[in-house]
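Now for the letters of each chain:
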Amino acid sequence: MVVPTLFIGGEAIGETVISCGASKGYSFFLQNSSLDYDAGWSEDGISNGKIILVKEGEDFDILFDDIIGGYGYREDGADVFMLGLQNGKITILIVHYNYSDLYTFDLLNNEVVWASQKIAPHLVNKGSLFRADCE
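Residues numbered from 1 in each chain as written. Predicted model: local features only at pLDDT ≥ 70, side-chain atom pairs only at ≥ 80, totals over all residues. Heavy atoms only, no water.

### Side note on the nonpolar core
- In this structure, I92, Y103 and F105 are the most contacted members of the largest nonpolar core, which totals 23 residues.
- Of all elements in the fold, only β2 (11-29), β4 (50-56), β5 (59-66), β8 (89-95), β9 (99-106), β10 (111-118) and β11 (126-134) reach the threshold of two or more residues within this core.
- Residues in contact with F105, not counting those within four places in the same chain, are I18, C20, I51, L53, I62, G88, K89, I90, I92, E111 and V112. (Core = buried A, V, L, I, M, F, W, Y, C linked by side-chain atoms within 4.5 Å. Buried < 20%, exposed > 50% of the residue type's maximum accessible area, 1.4 Å probe, protein only. Helix = DSSP H or I, 4+ residues; strand = E, 2+ residues; numbered from the N terminus. Contact = heavy atoms within 4.5 Å.)

In structure tokens, the structure reads:
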């Protein structure tokens, strides 16, 4: 179900397809010589995060709100591709030179599962798998 146009800072950014809350999951932290942290498996998540799938015309974007703040993937310079849409599920691929994320939104069961790969000198390098409830 698509709801009316979403506005952020007075600017229309598209129609909300689904809105999701905090994500929980696991990450494998790769060693990064630029930053000091423990490599290996760990429970991970974004306790106050939001994931909002929006559609403007034929284009999708995902607005993401976490500890860094709110932004959209397109605003961050990432390419956003809709890979599949069937049986109430939408799969979206995000490609950026520092990260790639893959989301599958289940519109029928109000949840999202998503994977993230981050590799860059200034980022915590990790591969993650998360799940969040949606409304």
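### Thoughts on the layout of surface pockets
- Considered as a void within the structure, the largest pocket measures approximately 670 Å³ in volume.
- For the lining of the largest pocket, the elements supplying multiple residues, two or more each, are β3 (40-46), β5, β6 (69-72), β9, β10 and β11.
- When grouped by side-chain class, the residues that make up the lining of the largest pocket number 12 nonpolar, 10 polar and seven charged. (1 Å grid on protein atoms, 1.4 Å probe; cavity = no way out; pocket = protein on both sides within 12 Å on 5 of 7 lines; lining within 4 Å. Points joined across faces, edges and corners; volume = space filled by probe spheres on them. Nonpolar A, V, L, I, M, F, W, Y, C, P; charged D, E, K, R; others polar.)

### A look at the environment of G69
- Positionally, G69 belongs in strand β6.
- Expressed as a C-alpha distance, the spacing of G69 and G49, which sit 20 residues apart in the sequence, is 9.2 Å.

### Digging into the pairing of strand β7 (residues 79-86)
- Direction of pairing for β7 relative to β8: antiparallel, over a ladder of seven bridges. Opposite L85, over in β8, you have I90 as the bridge partner.
- Counted along the chain from β7 to the antiparallel partner β8, the turn is two residues long, and its residue N87 has a positive phi close to 55°. (Pairing = 2+ DSSP bridges.)

### Quick look at the environment of V124
- Turning to its location among the elements, V124 is positioned in the loop between β10 and β11.
- Each C-alpha atom of the pair V124 and L35 lies 7.2 Å from the other, and the pair is 89 residues apart in sequence.
- Ignoring any residue separated from it by four or fewer positions in sequence, one finds V124 in contact with F29, L35, Y37 and K118.

### With respect to the confidence of the model for the protein
- Scored by pLDDT, the protein has a mean of 87; 89% of the residues are at 70 or more.
- Between the elements of the protein, mean pLDDT differs from a low of 41, seen in strand β1 (residues 5-8), to a high of 98, seen in β8.
- Note on residues 1-12: pLDDT under 50 across the span, and 25 contacts to partners over four residues away in sequence or across chains. (pLDDT = per-residue confidence, 0-100.)

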